[in-house]
Amino acid sequence: MSGLLKAVFKKLIKKGRLEVVYPDKRREIYGDQNAKDSAAVEILTQETCLRLLVNPGLAFGEGYMDETIKPINCSIYDVLNVILQNDLAEGHYVEKIASVLRFGKRFWSQLNSLKTSQKNVAHHYDLNGALYSLFLDEDRQYSCAYFRTGNETLDEAQLAKKRHIAAKLKLDQPGLEVLDIGCGWGGMALFLAKEFDVHVTGITLSQEQLQAAKERAKKAGLEHKVCFELRDYRLVEKKFDRIVSVGMFEHVGVNYYVEFFKDINKILKPDGVMLLHSIGRSDGPGSTNPWINKYIFPGGYSPSLSEVFASVEKSGLWVTDCEILRLHYAKTLRLWHDRVKEEKEKIIQMYDERFYRMFDFYLSASELSFYYHNHMNFQLQISPSIDALPMTRDYMFEVEGKLDS
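Just so we're clear, the structure is a prediction, and the values are computed from it rather than from any experiment.

### So, the sheet that holds strand β5 (residues 176-181)
Reasoning step 1: Ordered by their spatial adjacency, seven strands build an open sheet running β7-β6-β5-β8-β9-β11-β10, and the pairing between neighbours is mixed. Of all strands in the sheet, those with a lone pairing partner are β7 (226-230) and β10 (318-325), marking the two edges. Shown here is a sheet whose adjacent strand axes are inclined to one another by a mean of 15 degrees, direction ignored.
Reasoning step 2: As defined by bridge partners, strand β9 (residues 268-281) adjoins strand β11 (residues 375-383) across eight bridges and the pair is classed as antiparallel. What sits directly across from H277, in β11, is Q379.
Reasoning step 3: Where helix α14 (residues 305-313) meets the sheet, it contacts β9, β10 and β11, and its direction lies at approximately 15 degrees from that of β11.

Pasting the structure below:
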């Protein structure tokens, strides 16, 4: 098996320098010998070699978790930094076939029914809340932050994200009813209720997040302006003036995009405004990495803009503004990862070493995907009406400026 895997690495690694130690202790060096980016890794078993040949997208992460793949005098981030610079599908024939098959069956793997959606959300978001408090900002914003200069702290950038989104919602009238779809631990809902004279309903499928959000609203004295519910967006019937959704659309499922926007049209008032913030991809429709799908976000998918716009077109809604955030999430993930590494011992005590390696791999691979695999974030401002919003973006800058002052 080592011989076949050597041939794969030889074809795959064209950028960067990667040294591989095989189970028989033989060493091979691949790629550019003088490359700035270099790493070394040991593969300890022939079984792991076989799995890397058959299903590399899943096997590499699992090998690191199980310690049958070990970085040598470097981190898993360094190893992935070399590997992900290269085109895995072009360098690995089996992976090329597997990616085609994953794309073909993605409609089945993303059948996020009401029951399945709650199960998938619980897989990741119902982890011990103390875990997230170790690496997220004080407000527990588990989504892409907004960096104006790139020098902001995590808390500063997450606050800037909330202000940026609030400005796009145009909360210019007292008493507006706002729906927060996928409200997380309640940070966005509480921010909007505190900074604007609006009433916010936050919905989530996570029991842990729901309880935490309710406790936060009570502690902040905002129970009269904010309420949180365990509810799927498909079961909302009330009409709202504004809708915000941050980091939830990735869990909708490609089969449900048209239905999602039609549901938004039903519950958004004729002159209403929605702000949708999501991870996306700039290189067209694709599929979810099998390791991410199994261990981190089952049923999740980062859509291309072509998929999203095509679905909006069928809903009767207008996309009134679109902004692409290119490297903001890479920066966010780097700051999260730094904190996770600082809190390594606490995380191991909370779970175990294998769980820590899973999170280490997840944050490393996710950050690098924004550099090398055409991932980005997008914000869509949406309305049923062509004239619900001003002709230019000036009002956004004015509101954001007032919030910053």
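### Points about the side chain of H277
Reasoning step 1: When you line up the elements, H277 lands in strand β9.
Reasoning step 2: The class for H277 is buried, based on a relative accessible area of 1%.
Reasoning step 3: Sequence-distant contacts of H277, defined by excluding residues within four places in its chain, comprise C144, I165, S245, V246, G247, L325, N377, F378 and Q379.

### Some details on the nonpolar core
Reasoning step 1: F9, L18, Y142, W291 and F359 are the most contacted members of the largest nonpolar core, which has 66 residues in total.
Reasoning step 2: Tallying contributions element by element places helix α17 (residues 353-372) first for this core, with 10 residues.
Reasoning step 3: Counting 28 residues, the second largest nonpolar core, distinct from the first, contains L179, I264, Y301 and V308.

### A closer look at the layout of surface pockets
Reasoning step 1: Estimates place the volume of the second largest pocket at around 480 Å³.
Reasoning step 2: Forming the boundary of the second largest pocket are 21 residues, of which D139, K162, G187, L190 and R216 lie nearest the centre.
Reasoning step 3: Among the secondary structure elements, those contributing two or more residues to the lining of the second largest pocket are α9 (154-169), α10 (187-195) and α11 (207-220).
Reasoning step 4: A per-element tally of the lining of the second largest pocket places α10 first, with five residues.
Reasoning step 5: Considered class by class, the residues forming the lining of the second largest pocket number nine nonpolar, two polar and 10 charged.

### Some words on the pattern of salt bridges
Reasoning step 1: Tallying each qualifying case throughout the model produces 26 salt bridges.
Reasoning step 2: Here R357 and E67 are joined by a salt bridge, their closest N and O atoms 3.7 Å apart. Of the two residues, R357 sits in helix α17 while E67 sits in the loop between α3 (56-66) and β4 (69-71), which places them 290 residues apart along the sequence.
Reasoning step 3: Among the charged side chains, a salt-bridge network with shared partners connects R148, R163, E400 and D404.

### What about the packing of helix α15 (residues 328-342) against α17?
Each pair of packed helices can be summarised by the angle the axes make with each other and by the distance between the axes.
Reasoning step 1: Orientation of α15 relative to α17, taken along the N-to-C sense of each, is 160 degrees, at an axis distance of 8 Å. Classified by the angle between their axes, α15 and α17 sit roughly antiparallel to one another. Considering how the two elements wind past one another, α15 and α17 form a crossing that is left-handed. Across from Y329, A330, L333, R334, W336, H337, V340 and K341 in α15, the residues of α17 making contact are Y356, F359, D360, L363, S364, S366, E367, F370 and Y371.
Reasoning step 2: Within the contact of α15 with α17, the residues separate by chemical class into 10 nonpolar, three polar and four charged.

### Quick notes on the state of the cysteines
Reasoning step 1: In this structure the tally under the stated criterion is zero disulfides.
Reasoning step 2: Sulfur of C322: no disulfide; nearest cysteine sulfur belongs to C144 and is 14 Å away.
Reasoning step 3: The partly exposed category is assigned to C322, whose relative accessible area is 28%.

### Looking at the pairing of strand β1 (residues 17-21)
Reasoning step 1: Taken across its five residues, β1 has four buried, putting it largely inside the fold.
Reasoning step 2: As judged from the five bridges shared by β1 and strand β2 (residues 27-31), these two strands associate in the antiparallel manner. Its bridge partner being in β2, V20 is matched across the sheet by E28.
Reasoning step 3: Hairpin connection, β1 to β2: the antiparallel pair is bridged by five residues, and K25 has positive phi, about 75 degrees.
Reasoning step 4: The pairing of β1 with strand β3 (residues 38-43) spans five bridges and is classified as parallel.

The rules behind the values
- Residues numbered from 1 in each chain as written.
- Predicted model: local features only at pLDDT ≥ 70, side-chain atom pairs only at ≥ 80, totals over all residues.
- Heavy atoms only, no water.
- Pairing = 2+ DSSP bridges.
- Helix = DSSP H or I, 4+ residues; strand = E, 2+ residues; numbered from the N terminus.
- Axes fitted to C-alpha atoms, helices over the stretch in contact; angles between N-to-C directions.
- Contact = heavy atoms within 4.5 Å.
- Buried < 20%, exposed > 50% of the residue type's maximum accessible area, 1.4 Å probe, protein only.
- Core = buried A, V, L, I, M, F, W, Y, C linked by side-chain atoms within 4.5 Å.
- 1 Å grid on protein atoms, 1.4 Å probe; cavity = no way out; pocket = protein on both sides within 12 Å on 5 of 7 lines; lining within 4 Å.
- Points joined across faces, edges and corners; volume = space filled by probe spheres on them.
- Nonpolar A, V, L, I, M, F, W, Y, C, P; charged D, E, K, R; others polar.
- Salt bridge = Lys/Arg side-chain N within 4 Å of Asp/Glu carboxyl O.
- Parallel < 35°, antiparallel > 145°, perpendicular 65-115°, else oblique.
- Left-handed = near helix turned anticlockwise from the far one by under 90°.
- Disulfide = S-S within 2.5 Å.

The values reported here are purely geometric and, on their own, carry no functional implication.
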